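# Geometric and topological summary
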Amino acid sequence: METTNEGETAAVEVEASDIEYVSYGGEHHLPLIMRLVDEELSEPYSIFTYRYFVYLWPHLSFLAFHRGRCVGTVVCKMGEHRNTFRGYIAMLVVIKPYRGRGIATELVTRSIKVMMESGCEEVTLEAEVTNKGALALYGRLGFIRAKRLFRYYLNGVDAFRLKLLFPRPEIDLSLPMMASRDDSHMHTDHIPPEESSELHQGL
Amino acid sequence: MAERAIEDGGNGFESPSIAPIPSGEQSVWADVSSLLEAACDDLRDGELIHGENFNLFAAMSALEIMDPKMDSGIVCRYYSVDEAIENGAAPVPLSFDRTIDVQCIIDIMDHLLACEATWHKGQSLAQTVFSCIYLLRPDRTSSHALLHCYCRIIRATCKAVISVVSDARTHEEEDLFTMAYGLPLNGDGDEKCLSMLNAVEETISRQLRACKAPSLKKRVLEDIEPLQTNSDLEEGYCKALLCRLRFRKHFYHVLTSMRRPQGRGLELARKHIASCLSELDCIRRSSDFLRSSACNTSEHGVDDRTTASGCQPIGFDATLNSRLSAPTPPRAIRTLSWEKAVEYFEKLLHDLDIICSYSLDPLFERVLRFVVQFQKSQPDLVARAHLQVLLVQDGKLYGRDPIFSVISRAAALPEVTKNHDIQKNEYVLQLGQLVINLLKILCTNAAWQRRKLGKILQDWRVIHVQLELAFKKEFGEMSIIISDENVCMKLAKHILIWVEEQTYWVAFRFLMLGFELELYSPSEYCMVYWYMYVVLIKLAEKTHLKMVASNDIAKRKGKKKRDSSKDTARDYQIPPAVLFLQCHICLAEGLTMMLAALRNEHKVFQSPSPFNTEDERFIQHFELLQKACIPDHISYLSFKESTTYARFSTLVMYNYFKDAQRIAKELKSSFSNDPDRVAELRRIEQVAEHNGVALNIICRVGSLDPSLKVSFEFSHHPYFAIAVVKRS
């Protein structure tokens, strides 16, 4: 996924105040999101994948408009995951001429705020190790690179799992004593479900 | 590969307003066809009825039929292998012109090498090696000895490679690697591939001799039919074929001899590796001849061509098997170029050679060092799988040394242990399992390895607690002094110290791999080096304790005749292994303090973020260590306490880098027979020297010159950075 802008396409004259951000507002927004993601990201998603996100978590999806044209979008979800309530940023796209103006930061910040207010303890996502733009953006927002996922994408590129932990009032770090396990690690530990998704960040 | 469930049981769903109707004895089946039909009319393309169990797994599993990006069933060129063959996609022979036939076969061989390398590098077997139609129909080639024997050895080789990778069972990338369903991996008679290959090789070498012989002798050899019809090209083609056939033969021998139990075939394997490498060299050199005599010039660039001649090979269709590669969506696979494939095999063979030249050292510590050193060159899956199956066979080290004897040697247990009941203890048995797991994990790729190491830390911590409790129960309270009287207590003490030492070693490797995987950003270096420092202190402490305890035993043994008071009077020296760790400690502490001072005084390498603080980033990076209490009583607070007051003025007075440099210099003579550790000491010296200089510069001009920029680079060491100071 291409990340930054300079040179590729002539940048557009845009005032930050010209960009309008709206929460997902219904069926009429769906084709806009689909077209953007389809154009910018390589992975094929069926319409049902989009519906899954925007119907269950419409308040976590945002679109950015410039003079009526949709130039960026973020699609997210949240839910229980291994005893933590976590948010997940599935897709983030800003079209090339509009990159480098903080639009992606604004989009994703809005989603993260809603997640925080909804009681999420953390936010995660995956990004290609080569996607410097995305990595820098999320780094500025406080995400750490929690792990590297070997050849995560089918194009053979590794991914980073990025994580943002929200502050907690109390942290319990006592040693949980595990019962001894008979089964060996090598055989029981398959890829955890969340690691087999391959949703992209294109910006 | 989003096909696995992301949502566990629909937890993230808004609760449905209508409770589901339970099916039970009272429920009655009814025909709803008409209702469904009516509902269908209301549905437009792309709409769906949203059920409670519709999760991301279901959403991502949905395919849009006839969308070329998703539908792997789309017919590309041929509907089936048979249809492809009927259409003449893979003729036997390839041409009735025998010169062209030979040219085409060499192209097939080369393209198969490229496919094989692509497969090893992570693509599916079905879409790489088995994109070759000749391989898919084993019987069809039987009339063509050359093609037939080559196809056979390719199938046999694939089988051998799959076998070693699936035996290693590392569950990293190999679920795709070993996937071979629907492929004819077992052609009838493939097991005889070598004898057939030898016969063909013999024929071609006679043909080569015949064409090189002076005309007088030719008459004697006249009964030998030449390989092909153009006598000018005879020698070149014979040679090109021979090196390709011989490479396959030796490579197959490498794979089988390396699998012999207890490493018995390693020496033989090395000979075959050497032969493979020299044949690869011939293959590479044949390229000029093949290109010059090729019938058609290639439209491909040199970088893309998958054959030495540059011609497109006949008989391949990667789309034929795309349905076999489901559930993944169809992808166009980029086959490695022929040049890259040759390079890949050279690297693989070098990596295998390192394994084969290993001495099967019984000392666990040296095994670990060997594996870590081996991993530095980033070997690919096949080499790593071979190392793993060599290290762990039948639950024993090299299939030879029982794990308990490995542990007792490593933990320097006294001789009595050999038949001691302690090895039957349930937790000691479990410890053996952990040791085996650790060895296997260390053979996996760095990304996977780090995750697994993070997880097993807890197990090592828990086994320590369990062993401690079990020993207490069995042998009573342990005294701090190891007394001569109680052998059991001594054993227990040694084992416990050793377990702790391993735990900290794993923790250190976990932290270190984070650098290799680029998981840390510069603003996090300070806390990472600080954590490395506290872990290293513990590791050095435990290593030292272990060595003192083992010296104790050694001393007692040799002491009998001598006066014991002399011994204790001898001045004590810290063992080199501990001092080796000490230089790492100095570097880690020095870097921590330098980074802390930069943060405190220059306000750089801080990264304020809108949603959380450094505290949260600390928790996230070291969560697994903290959960396992590695080390005890360590928290973000202790990190802050030890770094808040770091100032350059005090750092220059007490220069950690100078210490590291001095110790490293002194230590070199102690490791004169260990080139790896001498190289490490040299790197440490360089890092220390650079950072010592940087520290002085920052201190002298830093406060005066606000334009001074400091950045960190890993140009001298994989995880100890050097500070680069620039005036901007």
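The rules behind the values
Residues numbered from 1 in each chain as written. Chains lettered and ligands numbered in written order. Predicted model: local features only at pLDDT ≥ 70, side-chain atom pairs only at ≥ 80, totals over all residues. Heavy atoms only, no water. UniProt positions renumbered as here; feature names shortened; annotations may be inferred. Helix = DSSP H or I, 4+ residues; strand = E, 2+ residues; numbered from the N terminus. Buried < 20%, exposed > 50% of the residue type's maximum accessible area, 1.4 Å probe, protein only. Contact = heavy atoms within 4.5 Å. Phe/Tyr/Trp six-rings, centres within 6.5 Å; stacked < 30°, edge-to-face > 60°. Lys NZ or Arg CZ within 6 Å of the ring centre and 35° of its normal. Domains from an automatic or database assignment. Buried area = accessible area lost by both parts, 1.4 Å probe. Salt bridge = Lys/Arg side-chain N within 4 Å of Asp/Glu carboxyl O. pLDDT = per-residue confidence, 0-100. Pairing = 2+ DSSP bridges. Patch = residues over 30% accessible without salt bridge, like charges linked within 9 Å, V, L, I, M, F, W, Y side chains within 5 Å. Areas by Shrake-Rupley, 256 points an atom, 1.4 Å probe, with all protein chains shown as cover. Axes fitted to C-alpha atoms, helices over the stretch in contact; angles between N-to-C directions. Parallel < 35°, antiparallel > 145°, perpendicular 65-115°, else oblique. Left-handed = near helix turned anticlockwise from the far one by under 90°. Core = buried A, V, L, I, M, F, W, Y, C linked by side-chain atoms within 4.5 Å. Disulfide = S-S within 2.5 Å.

Chain B has the name N-alpha-acetyltransferase 35, NatC auxiliary subunit in an unreviewed UniProt entry, where Liquidambar formosana is given as its organism. The record held by UniProt for chain B lists under Sequence similarities (unreviewed entry) the comment "Belongs to the MAK10 family." Turning to chain B, the UniProt record has this under Subcellular location (unreviewed entry): "Cytoplasm".

Per an unreviewed UniProt entry, chain A is named N-acetyltransferase domain-containing protein, and its organism is Liquidambar formosana. Taken directly from UniProt, the Sequence similarities (unreviewed entry) text for chain A runs: "Belongs to the acetyltransferase family. MAK3 subfamily."

Per the secondary structure count, chain A includes five helices and eight strands. When the helices and strands of chain A are placed in sequence order, the string is β-α-α-β-β-β-α-β-α-β-β-α-β. For chain A, the proportion of its 203 residues judged to be buried stands at 58%. Pairs at least 24 apart in sequence give 71% of the contacts found in chain A among residues at least 6 apart.

Attention now moves to the packing of aromatic side chains. Taken as a whole, this structure holds 37 aromatic pairs over all chains when the rule is applied. Here the aromatic rings of tyrosine 358 of chain B and phenylalanine 370 of chain B are separated by 3.8 Å at their centres, their planes lie at 15 degrees, and the arrangement is stacked. Taken together, the residues span a long stretch of sequence, with tyrosine 358 of chain B in the loop between helix H12 (338-356) and helix H13 (364-375) and phenylalanine 370 of chain B in helix H13 at a distance of twelve residues. With relative accessibility at 14%, the residue phenylalanine 370 of chain B sits in the buried group. Taking the centre distance of 5.9 Å and the plane angle of 45 degrees together, the rings of phenylalanine 515 of chain B and tyrosine 525 of chain B count as tilted. Of the two residues, phenylalanine 515 of chain B sits in helix H18 (residues 487-516) while tyrosine 525 of chain B sits in helix H19 (residues 525-559), which places them ten residues apart along the sequence. Accessibility assignment for this pair places phenylalanine 515 of chain B and tyrosine 525 of chain B in one class, buried. Aromatic ring contacts, followed pair by pair, group Phe508, Phe515, Tyr520, Tyr525, Tyr529, Phe714, Tyr719 and Phe720 of chain B into a single cluster. One Lys or Arg, arginine 145 of chain A, reaches over the ring of phenylalanine 160 of chain A and ends 5.0 Å from the middle of that ring.

Turning our attention to unusual backbone geometry. Along the chain, valine 92 of chain B connects to proline 93 of chain B via a cis peptide bond; the corresponding omega equals -10 degrees. Looking at where proline 93 of chain B falls in the secondary structure, it is placed in the loop between helix H3 (81-86) and helix H4 (98-120). A cis amide bond links isoleucine 630 of chain B to the next residue, proline 631 of chain B, at an omega of -20 degrees. You can see proline 631 of chain B is positioned in the loop between helix H22 (614-627) and helix H23 (636-643). In this structure, arginine 67 of chain A takes a positive phi of about 45 degrees despite not being glycine.

Here the focus is the side chain of histidine 584 of chain B. Residue and element names in this part refer to chain B. Within the secondary structure, histidine 584 is located in helix H21 (residues 576-602). Given the relative accessible area of 4%, histidine 584 is considered buried. Contacts of histidine 584, omitting those with residues within four sequence positions, involve Leu536, Glu680, Ile684, Tyr719 and Phe720.

Okay, the domain arrangement of chain B next. Residues and elements named next belong to chain B. Domain annotation of chain B identifies domain 1 (1-23 + 30-62), domain 2 (81-352), domain 3 (363-519) and domain 4 (536-553 + 572-728). Each of domain 3 and domain 4 has a C-alpha centre, and these two points are 27 Å apart. Listed per partner, the contact involves 28 residues of domain 3 and 27 residues of domain 4. Summing the contributions of domain 3 and of domain 4, the shared interface buries around 2,500 Å²; its carbon and sulfur component is 69%. Among the residues domain 3 hides against domain 4, the three largest losses belong to Glu501, Tyr504 and Phe508. Together they make up 24% of the total. There are five salt bridges connecting domain 3 and domain 4. A salt bridge links lysine 546 to glutamate 365; its shortest N-O distance comes to 3.8 Å.

Residue and element names in this part refer to chain B. Summing up the model confidence of chain B, the mean pLDDT is 87 and the portion of residues at 70 or higher is 87%. Confidence drops under a pLDDT of 50 for residues 1-17, and excluding neighbours within four residues, the segment shows 43 contacts in the predicted structure. Segment residues 561-567 is flagged for pLDDT under 50; beyond a separation of four residues in sequence, or across chains, it makes five contacts in the model.

Turning to the sheet that holds strand E1 (residues 392-393) of chain B, a few remarks are in order. Residue and element names in this part refer to chain B. As summarised here, the arrangement of the three strands in space is E1-E2-E3, forming an open sheet in which the pairing is antiparallel. The open sheet terminates on both sides in strands that have one partner only, identified here as E1 and strand E3 (401-402). As judged from the two bridges shared by E1 and strand E2 (residues 396-397), these two strands associate in the antiparallel manner. Residue pairing in the sheet places valine 392 in a bridge with leucine 397 of E2.

What follows is about a nonpolar patch on the surface. On the surface, Val32, Leu35 and Leu36 of chain B cluster together into a nonpolar patch covering about 290 Å² of accessible area. On the basis of relative accessible area, leucine 36 of chain B is assigned to the partly exposed category, the value being 49%.

This brings us to the side chain of arginine 248 of chain B. Residue and element names in this part refer to chain B. Relative to the assigned elements, arginine 248 resides in helix H10 (residues 234-258). Using a relative accessible area of 0% as the deciding quantity, one classes arginine 248 as buried. Setting aside residues no more than four positions away along its own chain, arginine 248 makes contact with Leu113, Glu116, Tyr150, Ile153, Ile154 and Thr157.

All names here are of chain B. Scanning the model with the defined rule gives 47 salt bridges over all chains in all. Here lysine 239 ties to glutamate 235 by a salt bridge, and the two come within 2.9 Å at their closest N and O atoms. Taken together, the residues span about one helical turn, with lysine 239 and glutamate 235 both in helix H10 at a distance of four residues. With relative accessibility at 31%, the residue glutamate 235 sits in the partly exposed group. For aspartate 361, the salt bridge identified is with arginine 366, shortest N-O distance 2.8 Å. For aspartate 361, a relative accessible area of 12% puts it in the buried group. Arginine 366 gets classed as partly exposed once you look at its relative accessible area, which sits at 41%. Each member of the salt-bridge network shares a partner with another, and the members are Glu365, Arg369, Glu501, Lys546, Asp674 and Arg677.

Before going further, it helps to spend a moment on the packing of helix H25 (residues 656-667) of chain B against helix H26 (residues 675-701) of chain B. Residues and elements named next belong to chain B. Interaxial distance between H25 and H26 falls to 8 Å at its minimum, and their mutual angle equals 155 degrees. Overall, the two elements H25 and H26 adopt an arrangement that is roughly antiparallel. Along this stretch, H25 crosses H26, giving a crossing that reads as left-handed. Here Phe657, Ala660, Gln661, Ala664, Lys665 and Leu667 of H25 come into contact with H26, specifically with Leu681, Ile684, Glu685, Ala688, Glu689, Asn691, Gly692 and Leu695.

Residue and element names in this part refer to chain A. For strand E7 (residues 159-165), the tally of buried residues reaches seven of seven residues, placing the bulk of the element in the interior. Side chains of E7 alternate between two faces, with Ala159, Arg161, Lys163 and Leu165 and Phe160, Leu162 and Leu164 buried alike. When strand E5 (residues 122-128) meets E7, the two strands line up antiparallel, connected through seven bridges. For glutamate 126, the partnering residue across the bridge sits in E7 and is arginine 161. One ladder, built from five bridges, connects strand E6 (residues 144-149) with E7; its direction is antiparallel.

Counting 286 residues, the largest nonpolar core has Ile89 of chain A together with Phe712 of chain B as the members making the most contacts within it. Residues contacting phenylalanine 712 of chain B, with those up to four places away along its chain left out, are Tyr525, Leu591, Met594, Leu595, Leu598, Phe605, Ala721, Ile722 and Ala723 of chain B.

A few words on the state of the cysteines. In this structure the tally under the stated criterion is zero disulfides over all chains. With no disulfide of its own, cysteine 70 of chain A lies closest to cysteine 76 of chain A among cysteine sulfurs, the gap being 14 Å. Unpaired in terms of disulfides, cysteine 158 of chain B finds its nearest cysteine sulfur in cysteine 115 of chain B, a separation of 9.9 Å.

The subject of this paragraph is the environment of lysine 472 of chain B. Here lysine 472 of chain B shows up in helix H17 (residues 446-475). Taking C-alpha positions, lysine 472 of chain B is 8.8 Å from methionine 489 of chain B, a pair spaced 17 residues apart along the chain.

Take the packing of H17 of chain B against H18 of chain B next. Residue and element names in this part refer to chain B. Running from N to C, H17 and H18 point in directions that differ by 165 degrees, and their axes come no closer than 9 Å. For the element pair H17 / H18, the angle class is roughly antiparallel. Read as a crossing pair, H17 and H18 show a hand that is left-handed.

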